[in-house]
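Notes for the structure review
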Amino acid sequence: MQVLFGGTFDPVHNGHVVMAESLARAFPDATVHVIPNRQPPHRASQVSAEHRLAMLNMAMEGIPQITVNAIELGRDGPSYSVDTLRAFRAQFGSNESLVLCLGADAVRAVDQWYQPEMLVKLAHLCILNRANQTIEIPQVLGCYQPTDSVSDFSNQANGLLGRLATPDVPVSSTEVRALIAKQAPTLPVPLKIADYIGWHHLYQDTE
Ligand code: ATP
């Protein structure tokens, strides 16, 4: 089983780390791929892909089963999840269980994605709690078959929709950038990420 957890990670924060740890625990036989975007389709990132990748590597270091996968950084143009899932299918074959993981906020925006109707044919969908956000499934995901247990994901290659009861971690990258801009003494990121941000003077002029 291959589990995909993608994002901008601009910068990576404690919420991302807790989600990655939860995924590794929930899917003990899987490889969990943490996948930074090259270029977010809906907005520009604040710092270079190299800095985002370096921070992600540091934050995920030592978490079992996790691999930071730079597949989207090697592709031209915007990073579309369907392209990444097609690349995984080509690499792992049609029988491999692929699990696309999204926070509740990201699920709501799926209908604005490129070819969202293709997702069901490529992967399962695993929804993660996002603090203070309700879970709403857009119509375009209506072909997914709901399941009460994410352990069902190992029984087939794609097509199931489940929810993982992850802890609420009320933090976002937007908030982290705003805290840096106002020189907050502590940040909700791993200590080594805070050190890296300070050392490289990242996000100092965020509005
Ligand atoms: P921004 O504030 O810049 O939009 P973000 O904090 O939402 O960033 P992303 O890198 O865009 O971070 O998110 C990557 C993935 O992680 C998405 O699926 C998102 O829903 C999920 N995610 C981010 N933060 C949390 C959190 N605190 N709890 C649960 N899921 C999260």
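Below or above, wherever it landed, is the structure these notes cover. As the structure is a computational prediction, the values presented were derived from the model and not from experiment.

**Quick look at the overall build of the protein**
The helix and strand tally for the protein stands at seven helices and seven strands. In the protein, the order of α-helices and β-strands from amino to carboxyl end is β-α-β-α-β-α-β-α-α-β-β-β-α-α. Taken against the 2.2 N^0.38 rule, which gives 17 Å for 207 residues, the C-alpha radius of gyration of the protein at 17 Å falls within 12% of a compact globule. Judged by the C-alpha coordinates and their principal axes, the protein covers about 45 × 35 × 35 Å. For the protein, buried positions account for 46% of its 207 residues. As presented, the protein carries roughly 10,100 Å² of accessible surface, and 49% of it is formed by carbon and sulfur atoms. Between the mean site of the 14 positive side-chain charges and the mean site of the 20 negative ones, the protein shows a separation of 2 Å.

**Quick look at the packing of helix α2 (residues 49-60) against helix α7 (residues 191-199)**
Between α2 and α7, the least distance of the axes is 9 Å, while the angle of their chain directions is 155 degrees. Compared by their axis directions, α2 and α7 come out roughly antiparallel. Two packed elements cross with a definite hand, and for α2 against α7 that hand is right-handed. Between α2 and α7, the contacting residues are H51, A54, M55, M58 and A59 on the first element and K192, I193, Y196 and I197 on the second. Taken together, the residues that form the contact of α2 with α7 break down as seven nonpolar, one polar and one charged.

**Section: the nonpolar core**
Ranked by size, the top nonpolar core spans 37 residues in total, and within it L23, M55, M60 and C126 carry the most contacts. At five residues, the largest contribution of residues to this core is made by helix α1 (residues 14-26). Residue contacts for C126: discarding those within four places in its chain leaves F27, V99, L100, C101, L102, V150, F153, G162 and L164. One finds L98, V107, I127 and L161 within the second-largest nonpolar core, a separate group that totals 19 residues.

**Focus on the site of the ligand**
Neighbouring residues of the ligand: 22 residues in total, closest D105, R130, V169, S173 and T174. Within the side chain of H13, one N or O atom sits 3.0 Å away from an oxygen atom of the ligand. For the ligand, whose free accessible area comes to 610 Å², the fraction covered by protein is 90%. Grouping the constituent residues of the shell around the ligand by class yields seven nonpolar, eleven polar and four charged.

**Let's talk about the pattern of salt bridges**
Enumeration over the complete set of coordinates arrives at four salt bridges. Put simply, D83 and R86 hold a salt bridge, and the shortest N to O gap is 3.8 Å. Taken together, the residues span about one helical turn, with D83 and R86 both in helix α3 (residues 81-92) at a distance of three residues. Residue classification places D83 among the partly exposed positions, given a relative accessible area of 25%.

Thresholds applied
Residues numbered from 1 in each chain as written. Predicted model: local features only at pLDDT ≥ 70, side-chain atom pairs only at ≥ 80, totals over all residues. Heavy atoms only, no water. Helix = DSSP H or I, 4+ residues; strand = E, 2+ residues; numbered from the N terminus. Rg over C-alpha atoms; globule rule 2.2 N^0.38 Å. Buried < 20%, exposed > 50% of the residue type's maximum accessible area, 1.4 Å probe, protein only. Areas by Shrake-Rupley, 256 points an atom, 1.4 Å probe, with all protein chains shown as cover. Lys, Arg positive; Asp, Glu negative; His and termini not counted. Charge placed at Lys NZ, Arg CZ, Asp CG, Glu CD. Axes fitted to C-alpha atoms, helices over the stretch in contact; angles between N-to-C directions. Parallel < 35°, antiparallel > 145°, perpendicular 65-115°, else oblique. Left-handed = near helix turned anticlockwise from the far one by under 90°. Contact = heavy atoms within 4.5 Å. Nonpolar A, V, L, I, M, F, W, Y, C, P; charged D, E, K, R; others polar. Core = buried A, V, L, I, M, F, W, Y, C linked by side-chain atoms within 4.5 Å. Near = heavy atom within 4 Å. Polar contact = N/O pair within 3.5 Å; in protein donor to acceptor, adjacent residues only side chain to side chain. Salt bridge = Lys/Arg side-chain N within 4 Å of Asp/Glu carboxyl O.

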